[in-house]
Amino acid sequence: MNQSAAWMGLALLACVGVAGAQQQQDKSDWDKIVLEQKAGSVMTSTGGEYETAPIGKEMIVGEHMMLSGEKPKAKVVYYELDDEGRVVDKCVRDYVDPNVYIIDATCKPIVAWTSNGKGIVIGAALVGAALLGSDGDEAPPVSTGAR
């Protein structure tokens, strides 16, 4: 097996692990949803006027969040807690474009967290495999003739 094939196999295994973590995170019974970080203007509304949202604000499902200004950003974290209030699971969603978003009950993360708190960054294994897997001895394209 050449080095490129080995890296592609490793990348596929990483994708399988991420898919499992995402499936686990695609749930709607979170205990808390919190605005953890923000940049630019982040405002929220539950049906009335929009108000500036402070970091640490607990969000509710169906709440509208408006991002505006230059390079706005909001990091919303969904938490599952045990009976003593300790974090059992969490899911992170980043919003980076000026727009109005509705806080959803289901978290589909960019970063998935396992129950032991270690993050899995979705594209890292693929990017690493692509960069490291290129050894310069690549086969020519399958078709080089006229179509």
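Residues numbered from 1 in each chain as written. Predicted model: local features only at pLDDT ≥ 70, side-chain atom pairs only at ≥ 80, totals over all residues. Heavy atoms only, no water.

**What about the overall build of the chain?**
Logical step 1: Helix and strand content of the chain: 2 helices and 8 strands.
Logical step 2: Along the chain, helices and strands appear, N-terminal first, in the series α-β-β-β-β-β-β-β-β-α.
Logical step 3: Across the 147 residues that make up the chain, the buried fraction comes to 24%.
Logical step 4: Within the chain, residue pairs in contact and separated by at least 24 positions form 57% of the contacts whose partners lie at least 6 positions apart.
Logical step 5: By element, 55% of the accessible surface of the chain is carried by carbon and sulfur atoms, the whole surface being about 9400 Å². (Helix = DSSP H or I, 4+ residues; strand = E, 2+ residues; numbered from the N terminus. Buried < 20%, exposed > 50% of the residue type's maximum accessible area, 1.4 Å probe, protein only. Contact = heavy atoms within 4.5 Å. Areas by Shrake-Rupley, 256 points an atom, 1.4 Å probe, with all protein chains shown as cover.)

**Structural notes on the state of the cysteines**
Logical step 1: Enumeration over the complete set of coordinates arrives at 1 disulfide.
Logical step 2: Between the sulfur atoms of Cys91 and its disulfide partner Cys107 the distance amounts to 1.9 Å. Taking the sign of the torsion about the S-S bond as the criterion, the disulfide between Cys91 and Cys107, at about -75°, is left-handed. Placement of the pair is Cys91 in strand E5 (residues 87-95) and Cys107 in the loop between strand E6 (99-102) and strand E7 (111-113), with a sequence separation of 16 residues. Per residue, the accessibility class of Cys91 equals that of Cys107, and both read buried. (Disulfide = S-S within 2.5 Å.)

**Observations concerning the pattern of salt bridges**
Logical step 1: Tallying each qualifying case throughout the model produces 4 salt bridges.
Logical step 2: Linking Lys75 and Asp94 is a salt bridge whose minimum nitrogen-to-oxygen distance equals 4.0 Å. Taken together, the residues Lys75 in strand E4 (residues 64-81) and Asp94 in strand E5 connect sequence positions 19 residues apart.
Logical step 3: With a shortest N-O distance of 3.0 Å, Asp82 and Arg86 are connected by a salt bridge.
Logical step 4: One network of salt bridges, with partners in common, ties together Asp82, Glu84 and Arg86. (Salt bridge = Lys/Arg side-chain N within 4 Å of Asp/Glu carboxyl O.)

**Considerations on the environment of Asp94**
Logical step 1: Look at Asp94 and you get partly exposed, because its relative accessible area is 28%.
Logical step 2: Along the chain, Asp94 and Glu36 lie 58 residues apart, while their C-alpha atoms are 10.0 Å from each other.
Logical step 3: When neighbours within four sequence positions are excluded, Asp94 is seen to be in contact with Lys73, Ala74 and Lys75.

**Examining unusual backbone geometry**
Logical step 1: Not every positive phi belongs to a glycine, and Lys71 is a case in point at roughly 50°.
Logical step 2: Inspection of the secondary structure puts Lys71 in strand E4.

**Some remarks on the side chain of Arg93**
Logical step 1: Within the fold, Arg93 resides in strand E5.
Logical step 2: The charged side chain of Arg93 is buried without a salt bridge, its nearest counter-charge being Asp104 at 4.6 Å.
Logical step 3: A polar atom in the side chain of Arg93 sits 3.5 Å from the side chain of Tyr95.
Logical step 4: With near-sequence residues (within four places) excluded, Arg93 lies in contact with Ala74, Lys75, Val76, Tyr78, Asp104, Thr106, Cys107 and Lys108. (Lys, Arg positive; Asp, Glu negative; His and termini not counted. Polar contact = N/O pair within 3.5 Å; in protein donor to acceptor, adjacent residues only side chain to side chain.)

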